[in-house]
Amino acid sequence: MLFVSTRGQVGKVSSAHAIKEGLAGDGGLFVPQSFPSLSLEQILSLNTLSYEQCAATILNYFLTDYSPAELAECATAAYSPLKFGKNPAPLCKVGDRTDVLELWHGPTLAFKDIALQILPHLMTKAQNKTGTDTKIVILAATSGDTGKAALEGFADVPGTEIIVFYPEDGVSPVQKLQMVTQQGGNTKVFGIHGNFDDAQRGVKEIFGDTGLAAELKDFGWEFSSANSINWGRLVPQITYYFKSYADAVANGRIEPGEKVIFAVPTGNFGDILAGYYAKKMGLPVKRFICASNSNNVLTDFINTGVYNKLRELNKTVSPSMDILVSSNLERLLFDLTDNNSAQVAEWMTQLNTAGQYKVTSDVAERVRDLFFAAWVDEMETKETIGRVYNDFEYVVDPHTAVAWRAAQKYRLLSSDDSYIIVLSTASPYKFCQTVLEGLGKAEGLDESQPFEAARRLTEETGLPIPHQITEMEHKPVLHNEVIGTGEMAANIKKTLEIPVENS
Ligand SMILES: *Cc1c(COP(=O)(O)O)cnc(C)c1O
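These numbers were taken from a predicted model, which means no experiment stands behind them.

What to know about empty space enclosed by the protein
In total, this model carries three cavities of 30 Å³ or more according to the counting rule given. Reported here for the largest cavity is a volume of approximately 280 Å³. In terms of lining, the largest cavity is formed by 25 residues, of which the most central are Phe111, Lys112, Gly267, Asn268 and Ser320. Sorting the residues of the lining of the largest cavity by element identifies α8 (145-154), α12 (231-250) and α13 (270-280) as the ones contributing at least two each. Ranked by the residues each element gives to the lining of the largest cavity, the list is headed by α13, at three residues. Grouping the amino acids of the lining of the largest cavity by side-chain chemistry returns nine nonpolar, 12 polar and four charged.

With respect to the pattern of salt bridges
By the definition in use, this model includes 25 salt bridges. As a salt-bridge pair, Arg253 and Asp99 come within 2.7 Å of each other at their nearest N and O atoms. With a gap of 154 residues between them, Arg253 in the loop between α12 and β9 (260-265) and Asp99 in strand β4 (residues 98-102) connect regions that are remote in the sequence. You'll find Arg253 and Asp99 in the same group, each marked buried.

Focus on the packing of helix α10 (residues 196-207) against helix α23 (residues 488-495)
Two numbers describe how α10 lies on α23: the axes approach to 10 Å, and their chain directions differ by 65°. By the criterion of interaxial angle, the relationship of α10 to α23 is roughly perpendicular. Seen along the crossing, α10 lies across α23 with a hand that is right-handed. For the pair α10 and α23, contact is made by Ala199, Gly202, Val203 and Ile206 and by Met488, Ala489 and Ile492, respectively. Of the residues that constitute the contact of α10 with α23, the class distribution is six nonpolar, one polar and no charged.

What counts, and at which threshold
Residues numbered from 1 in each chain as written. Predicted model: local features only at pLDDT ≥ 70, side-chain atom pairs only at ≥ 80, totals over all residues. Heavy atoms only, no water. 1 Å grid on protein atoms, 1.4 Å probe; cavity = no way out; pocket = protein on both sides within 12 Å on 5 of 7 lines; lining within 4 Å. Points joined across faces, edges and corners; volume = space filled by probe spheres on them. Helix = DSSP H or I, 4+ residues; strand = E, 2+ residues; numbered from the N terminus. Nonpolar A, V, L, I, M, F, W, Y, C, P; charged D, E, K, R; others polar. Salt bridge = Lys/Arg side-chain N within 4 Å of Asp/Glu carboxyl O. Buried < 20%, exposed > 50% of the residue type's maximum accessible area, 1.4 Å probe, protein only. Axes fitted to C-alpha atoms, helices over the stretch in contact; angles between N-to-C directions. Parallel < 35°, antiparallel > 145°, perpendicular 65-115°, else oblique. Left-handed = near helix turned anticlockwise from the far one by under 90°. Contact = heavy atoms within 4.5 Å.

In structure tokens, the structure reads:
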């Protein structure tokens, strides 16, 4: 299977090439030229496979220049019980017609581990396949969870260096601690004066800087990306949509072939897009609920067809969704315009120059048929954490709470009682303070006491503290540099020990 750019200005490439490059040379995103389809029998039979076998099966459809044995090897390395416990994606029965898919059992307690534990394996194999002997520099801009998950995935992977930029005041104390205590001889973390979009823009500019790329190449380095714009990040996420459906049937929650709804807490639009691709491949999905916090650009887009990034970025209690430009939406638009790259390129130019674009009424209608959008404010988020716990004795993190609440809004407005799977994207222990506030148990605690908060959360709820949190308490801070967005390139060179020229 070959891959094309959403902006149509580069030739078709193999999956290894797409994964190695990250972003296409014309600024677009790589997408598969066509999509495989699975029959209902094939989907239901996934239930008999382990998660890693299931992942290898899905990857096989798309990464056809990797052998099945290589993909099985990647999946086994990524999803071992040592890293994810016995099931990387358990589907938990919570409400009457609403279940929760827990995607946070990996090393960093966020769903991004599912993609970022396997990406380094796919990437180092891609390096061999494309016949290059340069080393890979991974650059990542993070609003919290990507950074740590990428660091953990790439740490000490031979032939790679990973450099992460996070907005200094835009991540939770636990997220920040997770990053600044990162070990591994090939890891580097910088705080950025600015917000997530500043960090992401900085990284995108560096990717587009051909002079810098040439300079790095002279020293044996090549850039790649671990952000969800990389196809190798997206494709592993398709797996759990299929697997959870097969599990729901096996658990007797739905009839075979019954259409379900997925509620997805959405930021960069990667997770929910993987679900859309699963539907395109034959998964019986009625709709997707696109859940946002008060950074509700996507809610407005889905409801009006106008994407407008000209607004303030709010800091919220669900920081991994504090995003104004959801990069992966570009892939959806490419698909919904029947691969009209010229049209997509025009909209993306408008977004850059005018800060907004309006899709055709045909595309807007297709978007509304596929997605229901709702946003949830800070009060509602905390209230939902409390209510889900009181009603079901189940603890959700703020991101999951946003999706749960959006699903409730859908039920109210639609009177649709279809079975809903709420994607749970982070462990409550990553956001203890907010969770305790939601439970009404935060007296005397604040954001600066994450470990006290974790101990109180386990006392109150009985949910065990993950070992990743306990271990962090005594780890030394190894990364404490905070830089301006204009200093990113220079610091990359410094990290790679490339001399900064005086011209
Ligand atoms: C990244 C993240 C999201 C958003 O996922 P996207 O693929 O960027 O839409 C939601 N919740 C958590 C906890 C995350 O880390």
